[in-house]
Every structure is written in C-alpha cells, then in structure tokens.
Amino acid sequence: MTDKKAQLTVEGLNETLELPVYSGTVGPDVIDVRGLVSKGFFTYDPGFVSTASCESKITFIDGDLGVLLHRGYPIETLAEKSEYLETCYLLLHGELPTQAQYEEFKHVITHHTMVNESIARFLTGFHYDSHPMAMLCGVVGALSAFYHDSMDVSNPQHRMISAHRLIAKMPTLAAMCYKHRVGQPFMYPQNNMSYSENFLHMMFGTPCDPPNVNPVLARAMDRIFLLHADHEQNASTSTVRLAGSSGANPFACIAAGIATLWGPAHGGANEAVLDMLEEIGDVSNIDKFVAKAKDKNDPFRLMGFGHRVYKNFDPRAKVMKQTCDEVLAELGIDNDPLLPIAKRLEQIALEDPYFIEKKLYPNVDFYSGIIMKAIGIPTEMFTVIFATGRTVGWISHWHEMLSEGYKIGRPRQLYKGYPSREFPSRESR
Ligand code: CMC
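Description of the packing of aromatic side chains
Aromatic ring pairs are defined here through the distance separating the ring centres and the angle between the ring planes.
Thought 1: Enumeration over the complete set of coordinates arrives at 15 aromatic pairs.
Thought 2: With centroids separated by 5.2 Å and ring planes inclined at 80 degrees, the aromatic side chains of phenylalanine 366 and tyrosine 367 adopt a geometry described as edge-to-face. With respect to class, phenylalanine 366 is no different from tyrosine 367; both count as buried.
Thought 3: These aromatic residues form a ring-pair network of at least three members: Phe305, Tyr354, Phe355, Phe366 and Tyr367.
Thought 4: The ring of tyrosine 418 is capped by arginine 421, whose NZ or CZ atom sits 3.3 Å from the centre of that ring.

Dropping the structure here:
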C-alpha cells in the first residue's frame, strides 16, 4: 500500500475525486475505484483489460519482458530444477517443501489417486464418442456428490483435503475419459509410480501388458503439467474465483474452470493448433492461411499465436520448444508432415511485420500440441491435459481467496437497453 492518490475530474461534477493507489511487490500500481459507486459511477472495462480483480501472492507475469514467476521463482528455473508435484506444493503453500514435507506431500497425493468405483459407472453413461472435455467437466462436477465429509469451504483443513483430492484424481479421471472413448478397461493408478508415469500408464497401459512407461516421455509429461500449473488471473482461474466467491464447493468451482478452459481462445487452442496444421496440410498452403489470418474481414486466426498478456515470447513456450526437440529426438520423429508446417509458421510469426507489429509470438499451446502428438496423445485429449496441470493453479487461487477474505464477485454494466416502458397489449404489437 502507498500514500499515492489518483485524482479524477469528471465533466459536470463539482469535486475532484481522490482515489487511493496501491503498489504491488512488482508490476503496475492499481487505482482503487471502489469508492466511485457512491459518487454515481461504475468503471467500464469489458474483457478486464485494465482491471486487477483481486490481490494475490501466487503468480506474477510481466508480459512485455516475457517473465513468469510462481511464488517468486522464474518458470524456467522451476522447469529445470523442480518437478510438477514440488511446484504444486509451492503454489499451494507458498514455499518450496523441505525433503520431509515433499515426501509427505507425494505420499498424500499418491494415496488419493484412486476414484470411487461409482465414478467409473457414471463415466460409462457417456456416449463413447463424447468429447473428453465434456466428460471431464461432468465427472469433476460430480465429485461434489462424494465428499460431504470435507466440504466446509470456511475450514482450511477441508479446503486442503479437497485440493489434494483434486490434484491427485485429475490424471486418473483424465485417463478414464480417454479409455472410455477407445473402449479399453480403466487402469488403476499404481502407487509405485510418479505422478506423470502414472498418468501415462493409465492412458496407454492395458491389463494385458506389464507396466512400461518411457522415462523420457514421463519427464516430458511432467514438464507439460508443470508449465501449465498456473497463469495468474486468466479466464478459467477468474471463473474459479468467481464461482468460489458464492461459497460454491471446490469440485463445482473446478468444473466451472474446466468449462472455461475448453474454449479455443484459451486452453482449447492446443487442440485447435493441431486441427489447423492438419487443415493447412502442406507448406505450400501456408501463405494462403497467413493471408486469411491477416485479413480483418476474416475471423480466422493462427491458433497458438498471440496472448492477452505476453507481448514478447511466452517464457513457457521457450521451455516447451526445448522439450519438444527432446521428445522428437527421443522418439526419432522427423517425418511427421505437420512438423515442417509448424516450423515454417513459427518462422513467419517471428519475421512477418504483421506479427511483429502486433507482438504475436508463438504461445505455449503451439509447442505443447506438437509434443503431445509425438507422445501419441490424441488431439481431443490436449485440453484435458492442460486442465489436469492447471488444477493446482485453480485450487491454489480458490484457497487463497477463501483464506484472505472475499466478497461475492458481482460486476455491474453499462446498460444500453430500453428505459422503463409501457407493456403493449398483444393486439397492438
Ligand atoms: N492470428 C492473427 N491475428 C491475431 C491473432 C492470431 N492468432 N491473435 C491476435 N491477432 C490480432 C487481432 O486480430 C488484433 O488485430 P487488430 O488490432 O488489428 O484488431 C490484434 O492481433 C490484437 O488481438 P486481440 O484479439 O485484441 O488480443 P486479445 O488479447 O483479445 O486476444 C488471444 C488474445 C490469445 C485470445 C488471441 O491472440 C488469439 O485468439 N490467439 C489464438 C488462440 C490461442 O492461441 N490461444 C491460446 C492463448 S495461450 C494459452 C492460454 O493462456 O490459454
């Protein structure tokens, strides 16, 4: 907090309004506009382009410099020195765990990975070709029906149990959504496997084969989860906070976050990238698609490019690109017809004046799709994997909001509809 004030004069108003200005640890100051309503004004910011919706200590982004910090640690450092579950602990608790704390956390998460057998029966009620995001959304919301013992959102212990359950069960549920689609038996989690090994085992293992997970792919999977773990007040996280601000239970809130993530402008972009590469089909068609993307009258956009906050290289994309190269080398993939298209698009984005002027860099979804395809994950599972990694971010923000005091989220509007009018009789319309 600072003593700084912003002064606002409004035509026709005889006083100058003084608004408090607060400074964060780093990043832009914020002007506290809460007093404006008593003077007869709302602020107007569709899309929340200039609005800080809350105070938070979890994640910081400097979009111009391409910086992403979780609890103060740069994402590149976490990707190099940490692993997904350790980063989960950091996001949730605010500090890195000691060795003993980490062992206990891993134990707790591992021993919450199994889901109630009724969930399996519930999931098989979906049509076999349902989109896995549709199934995930439904099945995570349905977890609300199972845990009445720990649903008091004002109790920090209950909140932590729910956080553990969600982080632990998401890979199990994600893999079950996939298995239902392909008609294979659900695989139980294995307590002797790491989080990411377990996920790959539940995705690709069958009861007929002994467990066999490639450690390079497990490491890549872990990195994909880690790089998606949190991203400040994005659309899905803000949705989780908004849903949570009404006192809704955590499983319902995370289901709301999953629904928001699904859209192609957000987490659905990773699936859309692969669909786009397939639609382009050949390097010779790229110019046509780039021209479409630049045409103001054409709604087509290059998926996997641009970001609301990053006006520089997305730092997650840099690490993802490196992981992408590692995975392709490990698997010896150099003949995928989509790869030259992806590489050429990346080159265009970094050289073409349209993309340079608008600061449209490849984002995290551009490379993650290529890696996941190489691992053998079908495109419709991409956003499910994003949701799995992001669950810790959602639940950490939800927990922070409930720990630190909150009001129900209730935006106002600029009303442009009719003023009060007479109801005409049916005959006179
Ligand atoms: N291809 C072509 N032009 C683009 C693109 C693109 N991918 N993205 C933005 N633009 C243009 C846009 O037309 C606009 O031009 P103008 O100023 O002439 O009207 C300008 O760049 C600014 O774009 P905007 O839509 O005002 O920016 P925004 O902050 O509202 O949207 C975005 C950000 C991510 C939704 C958008 O860049 C986009 O739709 N990208 C493709 C989808 C995508 O890859 N999404 C994943 C984001 S990263 C993962 C995540 O956080 O979920």
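The discussion continues.
Overview of the site of the ligand
Thought 1: Around the ligand, the structure places 20 residues, and the nearest of them are His266, Lys296, Arg301, Leu302 and Arg308.
Thought 2: Histidine 307 places a side-chain nitrogen or oxygen 3.4 Å from an oxygen atom of the ligand.
Thought 3: For the ligand, the accessible surface in isolation is 940 Å², of which the surrounding protein chains cover 76%.
Thought 4: Residue composition of the shell around the ligand, grouped by class: 9 nonpolar, 6 polar and 5 charged.

What to know about the sheet that holds strand 1 (residues 5–8)
Thought 1: A sheet is described by the order of its strands in space; here 3 strands give the open sequence 1-2-3, paired in antiparallel fashion. The two strands at the open ends of the sheet, each matched to only one other strand, are strand 1 and strand 3 (30–31).
Thought 2: Strand direction decides the pairing type here: strand 2 (residues 17–22) and strand 3, joined by 2 bridges, are antiparallel. Across the sheet, tyrosine 22 pairs through a bridge with valine 30, a residue of strand 3.

Some details on unusual backbone geometry
Thought 1: Despite not being glycine, arginine 71 has its phi angle at roughly 50 degrees, a positive value.
Thought 2: Turning to its location among the elements, arginine 71 is positioned in the loop between strand 5 (67–70) and strand 6 (73–74).
Thought 3: A positive phi is found at glutamate 232, a non-glycine position, where the angle reads about 60 degrees.
Thought 4: With respect to the helices and strands, glutamate 232 occurs in the loop between helix 8 (215–227) and helix 9 (235–244).

Let's talk about the pattern of salt bridges
Thought 1: Evaluation of the coordinates by the stated rule reveals 12 salt bridges.
Thought 2: The residue aspartate 298 makes a salt bridge to lysine 292 at a minimum N-O spacing of 3.2 Å.
Thought 3: The residue lysine 294 makes a salt bridge to aspartate 352 at a minimum N-O spacing of 2.7 Å. Placement of the pair is lysine 294 in helix 12 (residues 286–294) and aspartate 352 in the loop between helix 14 (338–351) and helix 15 (353–357), with a sequence separation of 58 residues.

Some words on the pairing of strand 2
Thought 1: Alternating positions in strand 2 separate cleanly, Leu17, Leu19 and Val21 being buried on one face and Glu18, Pro20 and Tyr22 remaining unburied on the opposite face.
Thought 2: Inspection of the sheet shows strand 1 paired to strand 2 by 4 bridges, in the antiparallel sense. The residue bridging glutamine 7 from the neighbouring strand is glutamate 18, located in strand 2.

Observations concerning the nonpolar core
Thought 1: The biggest cluster of nonpolar side chains holds 112 residues, and the ones touching the most others in it are Leu136, Ile258 and Leu345.
Thought 2: When residues in this core are grouped by element, the largest group, 12 residues, is from helix 6 (residues 156–182).
Thought 3: Of all hydrophobic cores here, the second largest spans 5 residues; its members include Ala6, Leu17, Leu19 and Val21.

Some words on the environment of proline 156
Thought 1: The residue proline 156 is located in helix 6 in this model.
Thought 2: On a C-alpha basis, the gap between proline 156 and serine 403 in space is 7.4 Å, while along the polypeptide they are 247 residues apart.

The rules behind the values
- Residues numbered from 1 in each chain as written.
- Predicted model: local features only at pLDDT ≥ 70, side-chain atom pairs only at ≥ 80, totals over all residues.
- Heavy atoms only, no water.
- Phe/Tyr/Trp six-rings, centres within 6.5 Å; stacked < 30°, edge-to-face > 60°.
- Buried < 20%, exposed > 50% of the residue type's maximum accessible area, 1.4 Å probe, protein only.
- Lys NZ or Arg CZ within 6 Å of the ring centre and 35° of its normal.
- Near = heavy atom within 4 Å.
- Polar contact = N/O pair within 3.5 Å; in protein donor to acceptor, adjacent residues only side chain to side chain.
- Areas by Shrake-Rupley, 256 points an atom, 1.4 Å probe, with all protein chains shown as cover.
- Nonpolar A, V, L, I, M, F, W, Y, C, P; charged D, E, K, R; others polar.
- Pairing = 2+ DSSP bridges.
- Helix = DSSP H or I, 4+ residues; strand = E, 2+ residues; numbered from the N terminus.
- Salt bridge = Lys/Arg side-chain N within 4 Å of Asp/Glu carboxyl O.
- Core = buried A, V, L, I, M, F, W, Y, C linked by side-chain atoms within 4.5 Å.

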